[in-house]
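Chain and residue survey
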Amino acid sequence: MSETYRNPLRDPLDRRLPRMAGPSALVMFGVTGDLSRKKLLPAIYDLANRGLLSPGFGLVGFARRDWAAEHFAAVVREAVEENCRTPFRTDVWQQLLEGIRFVPGELDDDEAFQTLAATLAELDRAQGTGGNHAFYLSVPPRAFDTVISQLKRHHLAGDENDRELGRWSRVVIEKPFGHDLASARELERNVSAAFESQSVFRIDHYLGKETVQNMLAFRFANELFEPIWNRTYVDHVQITMAEDIGIGGRAGYYDGIGAARDVIQNHLLQLLALTAMEEPTSFAAEQLSAEKQKVLAATRPGRDLAQDAVRGQYLAGWAGGRYVKGYLEEEGIPPDSRTETYAAIRVDIDNRRWAGVPFYLRAAKRLPRRVTEVALILKPAPHLPFARTDSSGLGSNALVMRIQPDEGIALRFGAKVPATGMELRDVTMDFGYGRSFAESSPEAYERLILDVLLGDPPLFPRPEEVESSWAILDPVLEHWADSDESPQGYDSGSWGPECARQMLARHGRVWRRP
Amino acid sequence: MIIDLPDTSAADIGQRILSARSSVGMPTGLVFTLIAVAEGCSYDEVLAASIDAGREHPSRILVVTNAPGDTRLDAQLRLGEDVPGDIISLVFHGDLVKHRASVLLPLVLPDSSVVVWWPGTAPSAPGLDPIGRLAVRRITDAMGAPDPVPALVERALHYAPGDLDLTWTRLTKWRGLLAASLDHYRAPVRAVTVSSAPRNPVGLLLAAWLDDRLGVEVTLVDDPRGIGITGVTLDTDAGEIRLTRTDGTMAAFSAPGLPRRLVALPRRDINALITEELRRLDEDAAYSATMARLAGRWRANDPGSVEETP
């Protein structure tokens, strides 16, 4: 197996040739969960339907159910038919079906893992999966350690011998990666004790979204925006992830975690990194991560945590025409819970490009609508050659990168209102990816699963990035933990608590209504 | 809304689109203009495939047909009819057939790319055709020609950058599977056999691609039972890698030391092909090299017949 082998049928110029995953088996722990049913299993089918899975592909479900393989296959089929994004075709299903297996058992049951090892060996023979195995841990974070040590104990985590034979074993874990810096480090230690660092894939499905890659293209493929992308022109940046839903049935997960840990630590700080980083030398995983890591290391929370970090909790009220419960009345939430459902923090980036430009990050539940965006608010024009009354309708110029829904770019600027007098007003120039490229972009999980099988990591956060993000957030979390105050209440269906408004008003700024 | 414009001109059409747009709403972000020349094929099928493609790629679509009679231009506009872009059907009568480009030029969108598609019969040198010259991409389909194999060969002989035949698009999945198989069996390939239905241009082009990439003897075999390509065998030092498809949907894959496995390899309809093709507006270097090889193979095998191809 020489390193210099070049497949004669592949040609870098032949870009039409699909990136196809090699022979491999994907083992899914927690296969009966919501995420598997709604996203992961349909994504696997869609990959097969697009012709991106090898004929030698196997899918092994592992769960605490007394199911036969046929029953599991029926469950998979149902999930696929319900949620797949490409048309359901029986021939493609037939191809997948040949490689579907099921292993019943508990995560700490040695016998079940022996069965799993035997099942994988059988798949390697019958289906030709080539000894390549990916383990997808769609289980609660507290179970990570158990599964990983079980994999290690049953020789499924790959060793020298496997590597020599060109076989791989990879593990996929989902956020949250710990709940603070110390726990993130511990998780990292446990995972890396069993798997090599390049074999660990941390999934933050946000990073698999097309738009995050669109952001890279937008910033680095154009000449138009780079000149203003700095402290000379940008007044401040607002990064928002608003959800209109409450915590739903996730009380057990959410209480004690809160908006900052759930969303800011991963999604919003990754969006900040992509917005603020310097141009990477290339889009290779190494280079991209180096730039993200560099900017995250230069990022710190605001100096005055009492004023630069605020939190809120939603109250009962009418949201979008429906009466909804307050956070403390949700089932399973202790009446004295101080978990925040709204978090807004200011962070600063200490480097030449961004010194003095605050980045405001907010994440919340039960806001008026679901939206994720990054907005660069520009400074006012140095001089306006208009009477003050003429320009009273004029706000700051803004460049908004909408992540969801209706992914796109909006540019807000002033224009003259048609009339004999001079009157200025803000208008918006809007570009929607969906309008220019109606081609349905692949589901984030499709791309991520394919990348895991190909061993291609650019869209996955690295442990250093995870740790840097916690290092930014830890002081805020500690400040809140030590504080006597409870999160301020805000009406469900409103844009958040009064303290958040004040946080910006103090500096003469306002939150955008996204 | 559908607007009929009998006996009209390019300027009239442009005007009507503008005023219609102010009532149904402007499409923003149309990314290119597609000109479909429906000659020797069904207008309805071309229109359906164009609308399908327009759904994925919001664009201005100009469907061109010819009709006998006095010199005249008839047009029909479709706006906001469950497609994001504009669809303009143009019927050229009489002498105007010789001057179609003069109508099309004012109607193509500013700045963005223009693609011409001939689903049926196409000019022998698309790059020199007056309509073809308006475009950066010229898509032909040998399968739409009365005699597909000579049509494909002719296009190989007259290849110009920007030309593309949908025969190539039909090959993508086959090529993907074959390339993937050599990712894992790293033995040098000694010889190749491609079998396909007789007079099938897809098999012919696949053979040319394998010849170009591998530089070994590639034999093309007629398989009268099959639909399209029925099988490819790569003969390597380790044994045979074989991909066979007898029913036009499921293929069987086998390789040395491995179980035989099934893989879905369905033939795709024209809507799927043109939609895939419109995803890429850049020059396809692999296609260009394959067409050069196809021309070379043809000259070597059959030097006498080149001039006689229609």
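Rules of the game
Residues numbered from 1 in each chain as written. Chains lettered and ligands numbered in written order. Predicted model: local features only at pLDDT ≥ 70, side-chain atom pairs only at ≥ 80, totals over all residues. Heavy atoms only, no water. Helix = DSSP H or I, 4+ residues; strand = E, 2+ residues; numbered from the N terminus. Contact = heavy atoms within 4.5 Å. Areas by Shrake-Rupley, 256 points an atom, 1.4 Å probe, with all protein chains shown as cover. Rg over C-alpha atoms; globule rule 2.2 N^0.38 Å. Buried < 20%, exposed > 50% of the residue type's maximum accessible area, 1.4 Å probe, protein only. Lys, Arg positive; Asp, Glu negative; His and termini not counted. Charge placed at Lys NZ, Arg CZ, Asp CG, Glu CD. Buried area = accessible area lost by both parts, 1.4 Å probe. Salt bridge = Lys/Arg side-chain N within 4 Å of Asp/Glu carboxyl O. Nonpolar A, V, L, I, M, F, W, Y, C, P; charged D, E, K, R; others polar. Phe/Tyr/Trp six-rings, centres within 6.5 Å; stacked < 30°, edge-to-face > 60°. Lys NZ or Arg CZ within 6 Å of the ring centre and 35° of its normal. Domains from an automatic or database assignment. Polar contact = N/O pair within 3.5 Å; in protein donor to acceptor, adjacent residues only side chain to side chain. pLDDT = per-residue confidence, 0-100. Pairing = 2+ DSSP bridges. Axes fitted to C-alpha atoms, helices over the stretch in contact; angles between N-to-C directions.

Within chain A one finds 16 helices and 18 strands. Principal-axis analysis of the C-alpha atoms places the extent of chain A at approximately 80 × 60 × 40 Å. The long-range fraction of contacts in chain A, counting pairs at least 24 apart against all pairs at least 6 apart in sequence, stands at 78%. Carbon and sulfur atoms provide 50% of the accessible area of chain A, an area that totals close to 22600 Å².

So, about the overall build of chain B. Looking only at helices and strands, chain B features 9 helices and 14 strands. Over its C-alpha atoms chain B spans a radius of gyration of 22 Å, differing by no more than 12% from the 19 Å that the globule rule assigns to 310 residues. Expressed along its principal axes, the backbone C-alpha trace of chain B runs to roughly 70 × 45 × 35 Å. The buried share of chain B, taken over its 310 residues, is 56%. For chain B, the proportion of contacts with a sequence separation of at least 24, taken over those separated by at least 6, is 70%. With the model as given, the accessible surface of chain B reaches about 12400 Å², and the carbon-plus-sulfur share is 52%. Across chain B, the mean location of the 31 positive side-chain charges is 5 Å away from that of the 40 negative side-chain charges.

The interface is formed by 45 residues belonging to chain B together with 37 residues belonging to chain A. Where chain B abuts chain A, roughly 3500 Å² becomes buried across the two surfaces, and 56% of that area is made up of carbon and sulfur atoms. It is B:Arg186, B:Arg213 and B:Arg261 that lose the most area in chain B upon contact with chain A, and together they represent 18% of the buried surface on that side. Inspection of the region where chain B meets chain A yields 7 salt bridges. B:Asp183 is paired through a salt bridge with A:Arg10; the nearest N and O atoms lie 2.8 Å apart. Of all the elements in the fold, those that place two or more residues in the side of chain B that touches chain A are helix 2 (43–56), helix 5 (166–170), helix 6 (172–184), helix 7 (201–214), strand 13 (250–254), strand 14 (261–264), helix 8 (270–277) and helix 9 (285–301) of chain B. For the side of chain B that touches chain A, the element with the most residues is helix 6 of chain B, which contributes 11 residues. When its residues are assigned to classes, the side of chain B that touches chain A shows 23 nonpolar, 8 polar and 14 charged.

Under the definition given, this model contains 20 aromatic pairs over all chains. Between the aromatic rings of A:Phe29 and A:Phe113, the centroid separation amounts to 5.8 Å while the plane-to-plane angle is 15°, which identifies the pairing as stacked. With A:Phe29 in strand 1 (residues 24–29) and A:Phe113 in helix 4 (residues 110–126), this residue pair connects regions lying 84 residues apart in the sequence. A:Phe113 matches A:Phe29 in its accessibility class, with the two residues each being buried. Grouped by ring-pair contacts, the aromatic residues A:Phe29, A:Phe62, A:Phe113 and A:Phe135 constitute a single cluster. Between the NZ or CZ atom of A:Arg170 and the centre of the ring of A:Trp168, over which it lies, the distance is 3.7 Å. Here the basic side chain of B:Arg175 rests over the ring of B:Trp209, its NZ or CZ set 4.9 Å away from the ring centre.

The subject of this paragraph is the domain arrangement of chain A. Residues and elements named next belong to chain A. Assigned domains within chain A: domain 1 (24–204) and domain 2 (209–380 + 461–505). Each of domain 1 and domain 2 has a C-alpha centre, and the two are 31 Å apart. With 12 residues of domain 1 at the contact, the number on the domain 2 side is 15 residues. When domain 1 packs against domain 2, the two sides together hide about 1300 Å² of surface, and 59% of this comes from carbon and sulfur. When the buried surface of domain 1 facing domain 2 is broken down by residue, Leu181, Arg202 and Asp204 rank first, second and third, together holding 38% of it. Remark: the boundary between domain 1 and domain 2 carries 1 salt bridge. With its nearest N and O atoms 3.3 Å apart, the salt bridge here joins Glu467 to Arg185. Linking domain 1 with domain 2 are 4 residue pairs in polar contact (both at pLDDT 80 or more), by the criterion used here. Of the residues forming the side of domain 1 that touches domain 2, the biggest block, 4 residues, is contributed by helix 7 (residues 181–194).

Below, the discussion takes up the confidence of the model for chain B. All names here are of chain B. Per-chain confidence: chain B averages 86 in pLDDT, with 93% of residues scoring 70 or above. Per-residue pLDDT stays below 50 along residues 304–310; that stretch engages in 7 contacts with residues further than four places along the chain or on separate chains. If you check the scores for this complex, the pTM reads 0.82 and the ipTM reads 0.79.

A regular strand carries its side chains on alternate faces of the sheet. Residues and elements named next belong to chain A. Relative to strand 16 (residues 408–416), strand 15 (residues 398–404) runs antiparallel, the two being bridged by 5 bridges. Directly across from Ala398, in strand 16, lies its bridge partner Arg412. Between strand 15 and the antiparallel strand that follows it, strand 16, lie 3 residues; Asp406 among them carries a positive phi value of about 55°. Alignment of strand 16 against strand 17 (residues 424–432), held across 9 bridges, turns out to be antiparallel. The residue of strand 17 that forms the bridge with Gly414 is Asp426.

Pairing is mixed in the open sheet, where 6 strands are placed in the order 10-9-11-12-13-14 (chain B). The sheet is open, and its two edges are formed by strand 10 (217–222) and strand 14 of chain B, each paired on a single side. Strand-to-strand, the axes of this sheet are offset by a mean angle of 15°, without reference to chain direction. Two elements, strand 11 (residues 229–236) of chain B and strand 12 (residues 239–245) of chain B, share 6 bridges in a ladder whose sense is antiparallel. In the strand pairing of strand 12 of chain B, B:Val232 is matched with B:Leu243. Its contacts with the sheet put helix 3 (residues 90–97) of chain A on strand 13 and strand 14 of chain B, and the angle it makes with strand 14 of chain B is roughly 150°.

Residues and elements named next belong to chain B. Strand order across the open sheet formed by 8 strands is 1-4-5-3-2-6-7-8, with mixed pairing between neighbours. Edge strands, defined here as strands with exactly one partner in the open sheet, are strand 1 (2–5) and strand 8 (163–165). Each neighbouring strand pair of the sheet contributes to a mean axis angle of 15°, computed without reference to strand direction. Sitting on the sheet, helix 8 touches strand 6 (113–118), strand 7 (137–140) and strand 8, and the angle it makes with strand 7 is about 160°.

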